Amino acid sequence: DNSNENDNDDDDDFITVIPHTVPHRDEFSETVGYKIIGPNKSALFIPDINKWTTWKDVDIIQQVSSVDYAFLDGTFYDMNEIEFERDITKIPHPFIIETMKMFEKEDVDVKE
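Structure report, in brief.

Side note on the overall build of the protein
Secondary structure summary: the protein contains three helices and four strands in total. For the protein, the N- to C-terminal ordering of α and β elements is β-β-β-α-β-α-α. The buried share among the 112 residues of the protein stands at 28%. Contacts spanning at least 24 positions in sequence make up 47% of the contacts within the protein whose residues lie at least 6 apart.

Structure representation (structure tokens):
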């Protein structure tokens, strides 16, 4: 028998991580998010991005719909969390309320 119980050529045990550059100010390096595909579940991790509308080549709703879990930039709930003396154009994170509004017409299974 040529089989080795320590050999594991089964692709089902691997995790695939796909990086995506995302729109951001990128002063020191590019900013990325990740799609992570495991043997049973998948996730989207976009921790830092400018407004969703600046990601021209990606449909975030489609991306979220294609995974089991999505972890999205939630830096600020709304404008009230930003100090008034700060220039909002310098910190263009999507507000959580904007993201919620963008997904409001989607099926509950997409939003859960």
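So much for the structure itself; the text now carries on.
Digging into the sheet that holds strand E1 (residues 16-21)
The strand order E1-E2-E3-E4 describes an open sheet built from four strands, whose pairing is mixed. Of all the strands in the sheet, the pair left with one neighbour each is E1 and strand E4 (69-72). Neighbour-to-neighbour, the strand axes of the sheet open up by a mean angle of 10°, direction not taken into account.

Side note on the pairing of strand E3 (residues 42-46)
In terms of burial, E3 is largely enclosed, as four of its five residues are buried. Strand direction decides the pairing type here: strand E2 (residues 32-37) and E3, joined by four bridges, are antiparallel. Paired with Ile36 across the bridge in E3 is Ala43. In this antiparallel pair of consecutive strands, E2 and E3, the connection spans four residues. A crossover links E3 with its parallel partner E4, the connecting element being helix H1 (residues 60-65), and its sense is right-handed.

Topic: the side chain of Lys35
Of note, Lys35 is situated in strand E2. Salt bridges are absent for the buried Lys35, whose nearest opposite-charge side chain, Asp68, sits at 9.5 Å. A distance of 3.3 Å separates polar atoms of two side chains, one belonging to Lys35 and the other to Ser66.

What to know about the environment of Ile82
Structurally, Ile82 is set in the loop between E4 and helix H2 (96-102). By relative accessible area, which is 5% here, Ile82 ends up buried. Residue contacts for Ile82: discarding those within four places in its chain leaves Phe76, Ile88, Ile91 and Phe95.

As for a nonpolar patch on the surface
Taken together, the side chains of Phe45, Tyr69 and Phe71 present a nonpolar region at the surface, about 320 Å² in accessible area. In this structure, Phe45 sits in strand E3.

Examining the pattern of salt bridges
By the definition in use, this model includes two salt bridges. Among the salt bridges present, the one from Lys51 reaches Glu98, with a minimum N-O distance of 2.9 Å. Of the two residues, Lys51 is situated in the loop between E3 and H1 and Glu98 in helix H2; the sequence distance between them amounts to 47 residues.

About the cut-offs
Residues numbered from 1 in each chain as written. Predicted model: local features only at pLDDT ≥ 70, side-chain atom pairs only at ≥ 80, totals over all residues. Heavy atoms only, no water. Helix = DSSP H or I, 4+ residues; strand = E, 2+ residues; numbered from the N terminus. Buried < 20%, exposed > 50% of the residue type's maximum accessible area, 1.4 Å probe, protein only. Contact = heavy atoms within 4.5 Å. Pairing = 2+ DSSP bridges. Axes fitted to C-alpha atoms, helices over the stretch in contact; angles between N-to-C directions. Right-handed = clockwise from strand over helix to strand, strands pointing away. Lys, Arg positive; Asp, Glu negative; His and termini not counted. Salt bridge = Lys/Arg side-chain N within 4 Å of Asp/Glu carboxyl O. Polar contact = N/O pair within 3.5 Å; in protein donor to acceptor, adjacent residues only side chain to side chain. Patch = residues over 30% accessible without salt bridge, like charges linked within 9 Å, V, L, I, M, F, W, Y side chains within 5 Å. Areas by Shrake-Rupley, 256 points an atom, 1.4 Å probe, with all protein chains shown as cover.

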